[in-house]
Amino acid sequence: MNSNELMAELLLPNITKTTDYYENLYPARNLPEGARVTRIAPSPTGYLHLGTLFAALVNRITATSTNGIFYTRIEDTDKKREIEGGIEDIIDGLNRFGITIDEGFVSGTEQKGEYGPYQQSQRAEIYQTYVKELIRQGLAYPCFCTAEELEAVRTEQEAQKVRTGYHGKWAKHRDISYEEAKALIDEGKPFVVRLKSNGNEENKIIFEDTIKGKIEMPENDEDFVLLKSDGIPTYHFAHAVDDHLMHTTHVLRGDEWISSVPKHIQLFKILGFKPPKYGHISPIMKLDNGAKRKISKRKDPEAAVHFFAEQGYDSECVIDYLMTVAASDFEDWRRANPDTSYKAFKFNLKKMSVSGALFDEVKLTDVSKNRVSKLSSGEVYDKITAWAKEFDGEFYEILTKNPEYTKSVFAIDRDVPKPRKDIAKWSEAKEYFSYMFGELYTPNFTLPENINTEDAKDFLNAYKDVYDDKDDRQQWFDRIKAIAPTIGFASETKQYKAEPESYKGHAGDLSTVLRIGVTGRRNTPDLCSIMQVLGRDECIKRIDTAINSL
RNA sequence: GGCCCGGUGGUCAAGAGGCCUAAGACACCGCCCUUUCACGGCGGUAACACGAGUUCGAAUCUCGUCCGGGUCACCA
């Protein structure tokens, strides 16, 4: 054994498999030409983040549009930051938003696929096998520096105004001998394994980012950590080994990774792997006191995807919104294909924006209203009750007490050719439809300024006598028009506009009075439909109450 | 500070040297339609960060300045 081989045995004595073993275990995927293999690799450190959902969507649609594979892999190499139930939160969140997972973690506990395990903490032996091979080749070495020593080096570098980091002459253990290492290990000193970088800061590496285009950066000359002292790899090393073994073709991730690309490409080369294509996704930003910043889970409620569920934004609407952010031509496509799943959209990574977009809830509202307006009353009923069941028990009880009635409420101005665009999210529905449910109805009989109370009462009394709940829209309005002249109002709006001084108002004003009487508000969907759904008895009751309250 | 990336209306953006007198969407405003509010239709306000070059010609190419973002861990 030469000294490198001795070192390898010294550092990782329990590793007996070879890299060939794993290369054979995970053969190339049998996929059609052009199929892209993508993944997201979240760490279970908290709730599903909007940025993660966004990245998942981009990866999912990239795989879908090429008949490829999209898989999940859990990056839990940092046990300190891990939280209970983190995996479940993320995977369930993805499922909730309709992001289908071909392989990897498909639920909080269940993995599927031939390239597993899909959790890095379960892959320690694999990483160590590759590290051992690197040590054997003299491409990696143990470093015994303590945090304090590293800090001291850094301070010194700052004082000398030179580039900080563990590189070149600052890399204390870069040329450590087997004997020295053995002595330290015998003393029980902990160590990490570092890459013996062959990079030179003066040289440039150039790579083609599938989203951002050509990027040029200095080569990595830092002897960065491959294996932490607990034997678990750093992200960089795990990324190289996993994405090679799992045959990822496209690594599409947040652009905070862009500065690590030189390290990653270097690793792929040294390990003899073919590097994947990289695409770096710009973050979703938030305006904070006039300054743009990356949306943050701590500061922004909408950064946690949970927010959208609570608010009752339909998952498809959120996805559609995210698609408009991801692809500038998606909106046009959506207009041309209003009823097609976004999955059929021809997605192109090059069309993605290179700078971060501000999260725009107003735009989300618009996208949502458009889609919600196209749902049938039955679909709205199903979605809204599902939402209420989870987030508003009282509303759920009210909605489900009489499902047929509730559906007829949702059908107003909805199951028609030009549906009403009203609600964007389910949490608005309780207030929006409150006047349709006795338990929620609190009338407010405030008349518009141009109508006096006596006229309103006269009108309502007159209307009560002729009201017929079998009327269709035209008949319904004709009755109002018929009453108008009897109390000094114009039957036609045009009449009134032509001679405003001759009338107190017009039939439209009177319909407003009726609207206030029946629903307690000035703006509602079609009143005739509302009255039909409410039923004769309820309408009469409300009109009487209004007459007495005015 | 070093290294990257970016900068077109309030927001998202189209734009690949002449088609730009700069698209479209959201938001906002006005008008029309109209039983209210919406919807829909029509119209409107509003932008190439700045400065030098290259060129017959620059939003587009180059350089500089400024501004914004990212990153410089035994975190991912």
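In this text, all values refer to a predicted model and were calculated from it rather than measured experimentally.

Caption draft 1: The protein's contact with RNA strand B, seen in detail. Close to RNA strand B lie 55 residues, the nearest being Ser 43, Lys 228, Arg 420, Ser 511 and Asp 526. Backbone atoms, meaning sugar and phosphate, make up 72% of the atoms of RNA strand B lying within 4 Å of the protein. One nitrogen or oxygen atom from the side chain of Asp 360 is found 3.5 Å from a sugar or linking oxygen belonging to RNA strand B. At the level of elements, β6 (192-195), β8 (213-218), β13 (291-294), α12 (330-336), α13 (361-374), α19 (473-483) and α21 (507-519) are the ones that each hand at least two residues to the surface near RNA strand B. Its residues placed into classes, the surface near RNA strand B shows 17 nonpolar, 12 polar and 26 charged.

Caption draft 2: Structural context of the sheet that holds strand β3 (residues 103-105). The strand order β1-β2-β3-β4 describes an open sheet built from four strands, whose pairing is mixed. Each end of this open sheet is capped by a strand with a single partner; those strands are β1 (37-40) and β4 (111-112). One ladder, built from two bridges, connects β3 with β4; its direction is antiparallel. By the bridge assignment for β4, Gly 104 is matched with Lys 112.

Caption draft 3: Expanded view of the side chain of Lys 425. Secondary-structure assignment places Lys 425 in the loop between α16 (403-411) and α17 (429-432). By relative accessible area, Lys 425 is classed as buried at 14%. In this view, Lys 425 contacts Gln 311, Gly 312, Tyr 313 and Glu 361; residues no more than four positions away in its chain are not counted.

Caption draft 4: Region of interest: the domain arrangement of chain A. Its domain assignment divides chain A into domain 1 (124-281), domain 2 (377-436) and domain 3 (453-549). Centre-to-centre separation of domain 1 and domain 2, based on C-alpha positions: 55 Å.

Caption draft 5: Region of the structure containing the nonpolar core. The biggest cluster of nonpolar side chains holds 97 residues, and the ones touching the most others in it are Leu 53, Ile 99, Phe 237 and Phe 347. If one sorts the elements of this core by residue count, helix α3 (residues 50-64) sits on top with nine residues. In contact with Phe 237, not counting residues within four places along its chain, are Tyr 127, Tyr 130, Val 131, Leu 134, Leu 226, Leu 267 and Leu 271. One finds Cys 317, Phe 395, Ile 398 and Trp 426 within the second-largest nonpolar core, a separate group that totals 55 residues.

Caption draft 6: Inspection of helix α5 (residues 124-136) at higher detail. Here α5 contains 13 residues, and its C-alpha end-to-end distance of 18 Å stays within 8% of the 18 Å for a straight helix at 1.5 Å per residue. Of all 13 residues that make up α5, 10 are buried, and the element is covered over most of its length. Inspection of α5 places Ala 124, Ile 126, Tyr 127, Gln 128, Thr 129, Tyr 130, Val 131, Lys 132, Leu 134 and Ile 135 among the buried residues, and these make up the whole buried set. Positive backbone phi, approximately 75°, marks Gly 138, located one or two places after α5.

Caption draft 7: Up close: the packing of helix α14 (residues 377-391) against α16. For the pair α14 and α16, interaxial distance at closest approach is 8 Å and the crossing angle is 115°. Note on packing geometry: the crossing formed by α14 with α16 is right-handed. Within the contact between the two elements, α14 uses Ser 377, Val 380, Tyr 381 and Ile 384 and α16 uses Pro 403, Thr 406, Lys 407, Phe 410 and Ala 411. When grouped by side-chain class, the residues that make up the contact of α14 with α16 number six nonpolar, two polar and one charged.

The rules behind the values
- Residues numbered from 1 in each chain as written.
- Chains lettered and ligands numbered in written order.
- Predicted model: local features only at pLDDT ≥ 70, side-chain atom pairs only at ≥ 80, totals over all residues.
- Heavy atoms only, no water.
- Near = heavy atom within 4 Å.
- Polar contact = N/O pair within 3.5 Å; in protein donor to acceptor, adjacent residues only side chain to side chain.
- Helix = DSSP H or I, 4+ residues; strand = E, 2+ residues; numbered from the N terminus.
- Nonpolar A, V, L, I, M, F, W, Y, C, P; charged D, E, K, R; others polar.
- Pairing = 2+ DSSP bridges.
- Buried < 20%, exposed > 50% of the residue type's maximum accessible area, 1.4 Å probe, protein only.
- Contact = heavy atoms within 4.5 Å.
- Domains from an automatic or database assignment.
- Core = buried A, V, L, I, M, F, W, Y, C linked by side-chain atoms within 4.5 Å.
- Expected span 1.5 Å × (residues − 1).
- Axes fitted to C-alpha atoms, helices over the stretch in contact; angles between N-to-C directions.
- Left-handed = near helix turned anticlockwise from the far one by under 90°.

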